[in-house]
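# Geometric and topological summary
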Amino acid sequence: MSDSPLASSASSVSSAKGAAPQLVERAAALDAADVLAPLRDLFVLDRPATTYLDGNSLGALPRHVPARLQDVITRQWGELGIRSWTESGWWTAPERIGDRIAPLVGAAPGSVVVGDSTSVNVFKAVVGAVRLAAPAGDAAVPADGTAVPVRDEILVDATTFPTDGYIARSAARLTGHRIVPVDPAAATGPGSLLGSLGPRTAVVLVNHVDFRTGRLHDLPGITAAAHDAGGLVVWDLCHSAGALPVGLDAHGVDLAVGCTYKYLNGGPGAPAFLYVAERHQSRFDSPLPGWNSHADPFAMSPDFAAAEGAVRGRVGTPDILSTLALDAALDVWEGVRIEDVREKSLALTDFFLECVAEYAPPGRVRSLTPAAHAERGSQVALRCAEAPAVMAALIARGVVGDLRRPDVLRFGFTPLYTGFADAERAARVLGEILAEVPAEVPAQAPAETSVEGSAESPAATPRADAGPGANE
Ligand SMILES: Cc1ncc(COP(=O)(O)O)c(C=O)c1O
């Protein structure tokens, strides 16, 4: 595949102006063969006006959710009132819904609990992991009585979503540890995650998929290497839960967090989840022990006794409306195999990159997303010098992706409701817009490659922040 002039293959047989017939036909054939295609009707999508490629930020609304929430509000709350804490299962919703998410991330029942934001769960998981990593007893207390951790380093993905970095730094200050920024994508060398592991490693905090580039990090390999070094690993699954198989138990992950408003379609501000591996649950010592984490909350005891299992990761009263919107949204996963989701996700992103190569004028966009399937999540990030103007024009023409300042166009592919015709249309509209928007600066990115090549190292990528109201 190579950069080619926009619309070079346009033909009269194509339904849309400027469309390449071979791509339109391929898209139609791929959509016809798609086993997940029937699921699209389960979602509210403004078709055909809008091609929604932002499910990596906010998932689409499943059609049945409004009616379910209506019932929660009018009957459960309005009629049953406080009785709903027991009669409508409100009290146990965090662990019950955690058990519904568990199979999607390869976790055993009882090891996932829903609640709070991802940010708050990062705090619980990192401090909890530091406490699990600390040697039992007095081994870390020198003769002078000063508590000095033997393992005093928290390794953090240098290109992490910012909140994880901020919270890890605060957790490090609270626990007397130091932060070591590392590159999870580099195999070896100074600054690489694997090369930084050692006897001082307490905890490693890594994003499974880089929010900006879409790079998938090696969860099995990094987890095993951290364990070999005697440390624990916390994975941030925000961009992988519901997008690809994670295999938390199979790969021996210690703790994990993730959000539910992206690929799990739980709705804006839906509660996050916390995973605590079964083997750690009895020693997991949450830094936020609330009355909901108590073994007997209604004893109202002044003394804390942690509940059994991941439930001890709860804190206070759950946000029932959001939690039950998520519960309803998860119905779309009934009978869906995450392996099928992954297969379609890779096919979609491959096809989109191929369409971009066909439609985009040469040199105007460069892919930051790895070409290798083993290194790719479910989004495509394109570096484009005119990204702000281009994304505004895309949205105005009904192709909804997002912008990460200063120059990244992000397109999320959600296999439950994104089709191959969507990918073709998005790339075609992008090509049209690029032909209209003058090139401001010649594309110069020696570390990157064009859309058909592999991506730059994420460590070399400046961080981008989310715009107001945006979720990564
Ligand atoms: C990778 C990652 N981690 C953490 C967060 C923060 O999540 P929250 O705002 O729900 O705390 C996000 C948000 O988009 C994210 O993408």
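Remember, it's a predicted structure, so these values are computed and weren't measured experimentally.

Turning next to the UniProt feature "modified residue: N6-(pyridoxal phosphate)lysine" (unreviewed entry) in the chain. The sites that UniProt annotates as "modified residue: N6-(pyridoxal phosphate)lysine" (unreviewed entry) are Lys-262. Structurally, the position occupied by Lys-262 is in the loop between strand 9 (255-258) and strand 10 (273-276). Residue class for Lys-262 comes out buried when judged on the 29 C-beta atoms lying within 10 Å of it. Apart from the residues lying within four places of it in its own chain, the contact partners of Lys-262 are Gly-55, Asn-56, Ser-57, Gly-59, Cys-238 and His-239.

Let us now look at the UniProt feature "binding site: pyridoxal 5'-phosphate" (unreviewed entry) in the chain. The positions that UniProt labels "binding site: pyridoxal 5'-phosphate" (unreviewed entry) are, in the present scheme, Thr-118, Ser-119, Phe-161, Pro-162, Thr-163, Asp-164, Asp-236, His-239, Tyr-261, Trp-291 and Thr-317. Relative to the helices and strands, Thr-163 resides in helix 6 (residues 162-175). In this fold, Asp-236 is placed in strand 8 (residues 232-236). Apart from the residues within four sequence positions on either side, Asp-236 is in contact with Val-122, Phe-161, Asp-164, Val-206, Asn-207, His-208, Val-257 and Gly-258.

This part covers the sheet that holds strand 10. Taken together, 7 strands build an open sheet; the order of strands is 4-10-9-8-7-5-6 and the sheet is mixed. Each edge of the open sheet is held by one strand with a lone partner, namely strand 4 (112-114) and strand 6 (178-182). Averaged over all adjacent pairs, the angle separating strand axes in this sheet is 20 degrees, with direction ignored. When strand 5 (residues 153-157) meets strand 6, the two strands line up parallel, connected through 5 bridges.

Turning our attention to the pairing of strand 7 (residues 201-207). Burial of strand 7 is extensive: 7 of the 7 residues sit out of reach of the surface. In terms of strand pairing, strand 5 meets strand 7 through 4 bridges, oriented parallel. By the bridge assignment for strand 7, Leu-155 is matched with Val-204. Summarising the sheet, strand 7 and strand 8 pair through 5 bridges and their orientation is parallel. The residue of strand 8 that forms the bridge with Val-206 is Trp-235.

With that settled, the discussion passes to the confidence of the model for the chain. Confidence along the chain averages 90 in pLDDT terms, with 87% of residues attaining 70 or more. pLDDT under 50 marks residues 1-14. Its contacts with residues more than four places away, or in other chains, come to 34 contacts. Segment residues 445-469 is flagged for pLDDT under 50; beyond a separation of four residues in sequence, or across chains, it makes 64 contacts in the model.

Moving on, we get to the packing of helix 10 (residues 338-359) against helix 12 (residues 420-436). Closest axis-to-axis distance for the helix 10/helix 12 pair is 8 Å, and the angle between their directions is 30 degrees. On the basis of their axis angle, the class for helix 10 and helix 12 is roughly parallel. The handedness of the crossing between helix 10 and helix 12 comes out as right-handed. Contacts between helix 10 and helix 12 involve Leu-348, Phe-351, Phe-352, Cys-355, Val-356 and Tyr-359 from the first element and Phe-420, Ala-423, Glu-424, Ala-426, Ala-427, Arg-428, Leu-430 and Gly-431 from the second. Among the residues making up the contact of helix 10 with helix 12, the classes are represented as 11 nonpolar, 1 polar and 2 charged.

Below, the discussion takes up the nonpolar core. Within the largest apolar cluster, 127 residues are counted, with the highest numbers of intra-cluster contacts made by Val-105, Val-126, Val-203, Val-234, Tyr-275, Phe-352 and Val-356. Among the elements that make up this core, the one with the highest residue count is helix 10 (10 residues). Split by domain, the residues of this core number at least three in each of domain 1 (21-63 + 337-460) and domain 2 (68-333). Those residues within four positions of Phe-352 in sequence are excluded, and the remaining contacts are Val-380, Phe-411, Phe-413, Ala-423, Ala-426 and Ala-427.

For Ala-108, the location among the structural elements is in the loop between helix 4 (93-101) and strand 4. Each C-alpha atom, one on Ala-108 and one on Ala-277, is 8.3 Å from the other, the two residues being 169 residues apart in sequence. Setting aside residues no more than four positions away along its own chain, Ala-108 makes contact with Ala-102, Asp-249 and Glu-278.

Let's shift gears to the sheet that holds strand 15 (residues 408-412). With respect to topology, 4 strands assemble into an open sheet ordered 11-12-15-14, the strand pairing being antiparallel. Strands with a single pairing partner mark the edges of an open sheet, and in this sheet they are strand 11 (366-367) and strand 14 (402-404). Note: strand 12 (residues 379-383) against strand 15, 5 bridges, orientation antiparallel. In the strand pairing of strand 15, Arg-383 is matched with Val-408. Across the sheet, helix 10 touches strand 11, strand 12 and strand 15, and the angle it forms with strand 12 is around 25 degrees.

Analysis parameters
Residues numbered from 1 in each chain as written. Predicted model: local features only at pLDDT ≥ 70, side-chain atom pairs only at ≥ 80, totals over all residues. UniProt positions renumbered as here; feature names shortened; annotations may be inferred. Helix = DSSP H or I, 4+ residues; strand = E, 2+ residues; numbered from the N terminus. Buried ≥ 20, exposed ≤ 12 C-beta atoms within 10 Å, placed from the backbone. Contact = placed C-beta atoms within 7 Å. Pairing = 2+ DSSP bridges. Axes fitted to C-alpha atoms, helices over the stretch in contact; angles between N-to-C directions. pLDDT = per-residue confidence, 0-100. Parallel < 35°, antiparallel > 145°, perpendicular 65-115°, else oblique. Left-handed = near helix turned anticlockwise from the far one by under 90°. Nonpolar A, V, L, I, M, F, W, Y, C, P; charged D, E, K, R; others polar. Core = buried A, V, L, I, M, F, W, Y, C linked by C-beta atoms within 7 Å. Domains from an automatic or database assignment.

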